[in-house]
There are 2 protein chains.
Amino acid sequence: MTEATRRERLRAETEREIRQAARALLVERGRDAVTLRAIARELGITAPALYRYYDSHEALLRQLCDDICADMATELYASLAADTSGQVGCQVRAVCRSFRRWALAHPQEFALVFASPRDPLGADQFGSVFLSLAGRLIASNLVANHADDEVPEVLHEDLVRFQQVLMDAVSVHGVTIENDVLNLGKIYHVVQSWVRLYGHVALEVFGRFPFAVSNPEPMFDSMLDQMLTDIGFQETPDSSGG
Amino acid sequence: MTEATRRERLRAETEREIRQAARALLVERGRDAVTLRAIARELGITAPALYRYYDSHEALLRQLCDDICADMATELYASLAADTSGQVGCQVRAVCRSFRRWALAHPQEFALVFASPRDPLGADQFGSVFLSLAGRLIASNLVANHADDEVPEVLHEDLVRFQQVLMDAVSVHGVTIENDVLNLGKIYHVVQSWVRLYGHVALEVFGRFPFAVSNPEPMFDSMLDQMLTDIGFQETPDSSGG
DNA sequence: GAACTCTTGTAAACACCGTTCACTGAAACC
DNA sequence: GGTTTCAGTGAACGGTGTTTACAAGAGTTC
């Protein structure tokens, strides 16, 4: 079973500790505190030893981003699994609320992953839960049919590309969608929903609303309701008839 | 006229050069390059001399934020002044487009000011142009009357506070608004517009759309149209009948 | 104009940072 | 047992923010 040699086991363990220490430093003392020397100090080794595991400080930060994305995805999936209603609308609400809660609880991680002018993000981890959920939402046929010609033609090319991304994301979970169900109008509304979800969460995390918000949660819920309404979602939010 | 003594003039000049050097470093080489020693090197002085002007590196960064906000506000006001249509709808579009253009042209500045988990921003500079424009938009009576009871009651307290902020922002420009014109429904929609504007711009600057967008500009314009429609704006976008 | 204070700069030092390099010693392999 | 592989060390280099003691010019007072 344990094909791993002693040395390999130790190496894996050390790498785990490095990631853990880096994460703790980010959470507790901010991005600038994630320092090779601080990590090494935490492990009781010297800084150059870390170069046996990562090419550079930057590479380590990239790994940290991936870890954060993976953890966030796990949390979002958990909140999805915890929803027993079977109603897509409830699932969408659950995941969006979970995203907001995660971002507020992990502002440093959120800033690093979602608000850095860096490389376009190893999105493999990040998007999958959103994408598959968005795909399922659309496939559920509970979304109103938005005519394609509502969407400006210049956007078609990009939206078709996103359509493919969505279909790939869903097909990973064994579901296939007919092309005509996933029309451009719906896809456009999914993008607009992401704009609003991200916008609200980022503004709240960074405190950039134009006034002091004492009750952000109901404001978020209200935005969520409006979002689902605008997307043409036809499920009754509170009834259990499904 | 020049009450300033020679020493005061020199000091002011040096401070100007410090800010200028800091700004150039941020733009050309990123946040982490804005270093006391690098700034000093640029001015041909030594790093400790900067402590005669700023208490710390962090204080200098704060000043930098303020400068950025002021410059951005200048640019937004310029684009507002450049609009000769006299139509509020065109002005809103002009300012929103200007905000997007500025953010894309100054990603480092945008990240520093709008996407840092820091203190709540010396918003004096930042918001004023948005706020006064939002106030005027509402006061123009071109926005549909949204009934107050559309807005969940838990939000009323916060929105009333924002109402006051808006009225203050507009009154600085010598305009006063009757209380009933600036109703909570409208105010709520202004907040939602900021969510969408900020969301789109930040996603574009940080490259966090869930797919590669080759044509972001028409997507932004489309979002802007939708935003103005949702806010109940009743001015025809292209006619000049006013 | 001399004596004085205030201000703006300096150089040296401290502790920290990322990174490189020559090295050691133990694990793994043949 | 001899050899190779490799995680770790210590010293070093140039960079950072910050503090300290000190110099020298600007402005002020007599």
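Scroll up to find the structure this text is about.
Owing to the predicted nature of the structure, the values given are computational and were not obtained by experimental measurement. (Residues numbered from 1 in each chain as written. Chains lettered and ligands numbered in written order. Predicted model: local features only at pLDDT ≥ 70, side-chain atom pairs only at ≥ 80, totals over all residues. Heavy atoms only, no water.)

S.K.: Would you explain the protein's contact with DNA strand C in this entry?
M.R.: Taken together, 23 residues form the shell around DNA strand C, and within it Thr5(A), Arg37(A), Arg41(A), Thr46(B) and Arg52(B) come nearest. In the interface set of DNA strand C, defined as its atoms within 4 Å of the protein, sugar plus phosphate atoms amount to 60%. At 2.6 Å from a phosphate oxygen of DNA strand C is found a side-chain nitrogen or oxygen belonging to Tyr51(A). Within the backbone of His57(A), an N or O atom sits 2.7 Å from a phosphate oxygen of DNA strand C. Of all elements in the fold, only helix 1 (6–29) and helix 2 (36–43) of chain A together with helix 1 (6–29) of chain B reach the threshold of two or more residues within the surface near DNA strand C. Residue contributions to the surface near DNA strand C peak at 4 residues, all from helix 2 of chain A. Here the surface near DNA strand C is built from residues that sort into 9 nonpolar, 6 polar and 8 charged. (Near = heavy atom within 4 Å. Polar contact = N/O pair within 3.5 Å; in protein donor to acceptor, adjacent residues only side chain to side chain. Helix = DSSP H or I, 4+ residues; strand = E, 2+ residues; numbered from the N terminus. Nonpolar A, V, L, I, M, F, W, Y, C, P; charged D, E, K, R; others polar.)

S.K.: How should the layout of surface pockets be read in this particular structure?
M.R.: If a probe as big as a water molecule is rolled over the atoms, it shows which places are left empty. In this model, the largest pocket occupies a volume close to 530 Å³. In terms of lining residues, the largest pocket is bounded by 21 residues, among which Arg31(A), Asp32(A), Ser116(A), Arg31(B) and Ser116(B) are the most central. Broken down by secondary-structure element, the contributors of at least two residues to the lining of the largest pocket are helix 5 (107–114) of chain A together with helix 5 (107–114) of chain B. Considered class by class, the residues forming the lining of the largest pocket number 8 nonpolar, 6 polar and 7 charged. (1 Å grid on protein atoms, 1.4 Å probe; cavity = no way out; pocket = protein on both sides within 12 Å on 5 of 7 lines; lining within 4 Å. Points joined across faces, edges and corners; volume = space filled by probe spheres on them.)

S.K.: For this particular structure, what's the right way to read the interface of chain B and chain A?
M.R.: When the parts come together, some accessible area is lost, and that loss is often what is quoted as the size of the interface. Across the contact, 50 residues belong to chain B and 50 residues belong to chain A. Contact between chain B and chain A buries roughly 4,300 Å² in total, counting both sides, with carbon and sulfur atoms accounting for 62%. Two residues, Arg31(A) and Asp32(B), come together in a salt bridge whose shortest N-O distance is 2.9 Å. The tally of links between chain B and chain A comes to 14 residue pairs in polar contact (both at pLDDT 80 or more). Of all the secondary structure elements, the ones that give two or more residues to the side of chain B that touches chain A are helix 5, helix 7 (156–171), helix 8 (184–206) and helix 9 (216–230) of chain B. The greatest single-element share of the side of chain B that touches chain A, amounting to 12 residues, is contributed by helix 8 of chain B. Tallied by class, the residues present in the side of chain B that touches chain A amount to 31 nonpolar, 9 polar and 10 charged. (Contact = heavy atoms within 4.5 Å. Buried area = accessible area lost by both parts, 1.4 Å probe. Salt bridge = Lys/Arg side-chain N within 4 Å of Asp/Glu carboxyl O.)

S.K.: Teacher, can you tell me more about the protein's contact with DNA strand D here?
M.R.: Around DNA strand D there are 21 residues in total, and Arg52(A), Thr5(B), Arg37(B), Arg41(B) and Tyr51(B) lie nearest to it. Taking all atoms of DNA strand D within 4 Å of the protein, the share assigned to sugar and phosphate is 60%. In the model, a phosphate oxygen of DNA strand D is placed 2.6 Å from a nitrogen or oxygen of the Leu36(B) main chain. With respect to DNA strand D, the side chain of Tyr51(B) contributes an N or O atom lying 2.5 Å from a phosphate oxygen. Put simply, the parts of the chain that give the surface near DNA strand D at least two residues each are helix 1 of chain A together with helix 1 and helix 2 (36–43) of chain B. Element by element, the count of residues in the surface near DNA strand D is highest for helix 2 of chain B, at 3 residues.

S.K.: Explain the pattern of salt bridges to me, please; I cannot follow it from the model alone.
M.R.: Oppositely charged side chains can form a pair if their charged atoms are brought close together. Residue and element names in this part refer to chain B. Counting across every chain of the model gives 28 salt bridges over all chains. Among the salt bridges present, the one from Glu15 reaches Arg19, with a minimum N-O distance of 3.5 Å. Residue Glu15 and its partner Arg19 are both found in helix 1; the two are separated by 4 residues, about one turn of the helix. Taking the relative accessible area as the measure of exposure, Arg19 reaches 31% and is therefore partly exposed. A salt bridge links Asp230 to Arg196; its shortest N-O distance comes to 2.8 Å. On the criterion of sequence distance, the pair formed by Asp230 in helix 9 and Arg196 in helix 8 is long-range, its members being 34 residues apart. (Buried < 20%, exposed > 50% of the residue type's maximum accessible area, 1.4 Å probe, protein only.)

S.K.: Just checking my understanding: could you explain the relation of the copies chain B and chain A for this structure?
M.R.: The operation relating the pair of chain copies consists of a rotation about an axis and a translation along that axis. Rotating chain B by 180° and moving it 0.0 Å along the rotation axis overlays it on chain A with an RMSD of 0.1 Å. Given the turn and translation reported, the copies of this chain are related as if by a two-fold rotation axis. For chain B, the minimum C-alpha distance to the rotation axis belongs to Gly199(B) and amounts to 1.8 Å. Both copies present the same face, since 100% of the interface residues in chain B are matched by interface residues at the equivalent positions in chain A. (Least-squares fit on C-alpha atoms with pLDDT ≥ 70 in both.)

S.K.: Looking at this structure, I do not really get the packing of helix 5 of chain B against helix 8 of chain B. What am I missing?
M.R.: To characterise two packed helices, one gives the angle between the axes of the helices and the distance between these axes. All names here are of chain B. Taken N-terminus to C-terminus, the directions of helix 5 and helix 8 make an angle of 130°; their axes are 11 Å apart at the nearest point. It follows from the interaxial angle that helix 5 and helix 8 lie oblique. Crossing of helix 5 over helix 8 shows left-handed handedness. Residues Pro107, Phe110, Ala111 and Phe114 of helix 5 touch helix 8, and the partners they reach there are Trp194, Tyr198, Val201, Ala202, Val205 and Phe206. Among the residues making up the contact of helix 5 with helix 8, the classes are represented as 10 nonpolar, no polar and no charged. (Axes fitted to C-alpha atoms, helices over the stretch in contact; angles between N-to-C directions. Parallel < 35°, antiparallel > 145°, perpendicular 65-115°, else oblique. Left-handed = near helix turned anticlockwise from the far one by under 90°.)

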